[in-house]
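# A closer look at the structure
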Amino acid sequence: MQQPTPPRRTPKFRQRSAKMAELVAREIVEDIVERQLPAGASLPSEAPMLEMYGVARGTLREALRILENNGLVRVRPGRGGGPVVGAADPYNFGRTLTLFLQMGRTRFWELVEARVIMEPMMARLAAERRDKDRLAELAKAMEAHKGLGTDDQAAYLSVVQDFHGVVAGMSGNGVLDLFGRALKEVYTERVIAAERPPARWAEVRREHEAVAQAIFDGNGADAEELMRAHMLELSAGFERNYAALHAEIIGW
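Here goes a summary of the coordinates provided. (Residues numbered from 1 in each chain as written. Predicted model: local features only at pLDDT ≥ 70, side-chain atom pairs only at ≥ 80, totals over all residues. Heavy atoms only, no water.)

From N to C terminus, the chain includes ten helices and two strands. Along the chain, helices and strands appear, N-terminal first, in the series α-α-α-β-β-α-α-α-α-α-α-α. Classification of the 252 residues of the chain by burial places 41% in the buried group. In the chain, the share of contacts with a sequence separation of at least 24, taken over all contacts with a separation of at least 6, comes to 75%. (Helix = DSSP H or I, 4+ residues; strand = E, 2+ residues; numbered from the N terminus. Buried < 20%, exposed > 50% of the residue type's maximum accessible area, 1.4 Å probe, protein only. Contact = heavy atoms within 4.5 Å.)

Okay, here's the thing in structure tokens:
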């Protein structure tokens, strides 16, 4: 169901250096946030949006294209289509991030090092904050570990990386959550592409279980220490099993 059209926005101070389409894109995001529109909600059609933002058709379409390229808006084609709200998805953010990492000639080992630094702190915050709904997500993630086999790398990576995503969300810090999960997505996608067999099945499961238990117990110090040990093992395994990726520049 299409959302009602909000009143026309009062024009804000516009810096000369910024393109009009970028400014309109910002205002569209501000409207989405202010109106608390969920992912999948319909935005107004083109004619009302032109009136709302007081711009030409080409400028509005360019603004929507900017947001669509970043996954924040989806434009459905055809009759009954139009723009709908996207999501602050870590995968899309990770894809954009890789452009900057590639331009900065960032090596893959630096991404692994960043995860080793960030994830123990997120585990500590997860244990200290212990959001009830998130604890239920963690319990579900740990239940999925029980069905892991030893012959499906994609399924293995999906389950164990979901664990890391849940812990990042439990940190209660939106910046750490988004960056942590985005780095996880970049790492996972590249490791899968390397087509190497998974390793340390039993050890990874035990390490995850220990971290999860510390979080359930509300023991931040143990959660941080256990996650650090786990991530250091992941880093060591990366160097052993994916030596060819170690010095590779992260690519988009």
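Continuing now.
Here we take up a nonpolar patch on the surface. Side chains of V29, V33 and L72 sit close together on the surface and give an oily, nonpolar patch of about 220 Å² of accessible area. Secondary-structure assignment places V29 in helix 1 (residues 20-34). (Patch = residues over 30% accessible without salt bridge, like charges linked within 9 Å, V, L, I, M, F, W, Y side chains within 5 Å. Areas by Shrake-Rupley, 256 points an atom, 1.4 Å probe, with all protein chains shown as cover. Salt bridge = Lys/Arg side-chain N within 4 Å of Asp/Glu carboxyl O.)

Along the chain, R61 turns up in helix 3 (residues 57-69). The spatial distance from the C-alpha of R61 to the C-alpha of E46 is 8.6 Å, given a sequence separation of 15 residues.

Another point: helix 9 (residues 201-217). Relative to the 24 Å expected for 17 residues at 1.5 Å per residue, helix 9 spans 24 Å between its end C-alpha atoms, a close match to the ideal helical length. Regarding helix 9, the residues found buried are W201, V204, E207, H208, V211, A212, A214 and I215. The arc enclosing the buried residues of helix 9, seen along the axis, measures out at 165 degrees, which places them on a common side. Facing away from the buried side of helix 9 by over 90 degrees, the exposed positions are R206 and D217. (Expected span 1.5 Å × (residues − 1). Arc of directions from axis to C-beta.)

Counting 41 residues, the largest nonpolar core has L138, F163, V167, Y187 and I215 as its most contacted members. Counting residues per element, the ones that place at least two in this core are helix 4 (90-103), helix 5 (108-129), helix 6 (132-145), helix 7 (153-170), helix 8 (174-193), helix 9 and helix 10 (220-241). The greatest single-element share of this core, amounting to nine residues, is contributed by helix 5. When sequence neighbours within four positions are dropped, the list of residues in contact with F163 reads L138, A141, M142, H145, H208, V211, A212 and M227. Judged by nonpolar contacts, the second largest core, of 18 residues, contains I28, L50, M52 and V85. (Core = buried A, V, L, I, M, F, W, Y, C linked by side-chain atoms within 4.5 Å.)

The next subject is the pairing of strand 2 (residues 82-85). The pairing of strand 1 (residues 73-76) with strand 2 spans four bridges and is classified as antiparallel. Its bridge partner being in strand 2, V75 is matched across the sheet by P83. With antiparallel pairing between neighbouring strands as the criterion, strand 1 and strand 2 make up a hairpin whose turn holds five residues, including G78 at a positive phi of roughly 80 degrees. (Pairing = 2+ DSSP bridges.)

This part is about unusual backbone geometry. In this structure, Q36 takes a positive phi of about 55 degrees despite not being glycine. Among the secondary structure elements, Q36 is positioned in the loop between helix 1 and helix 2 (46-53).

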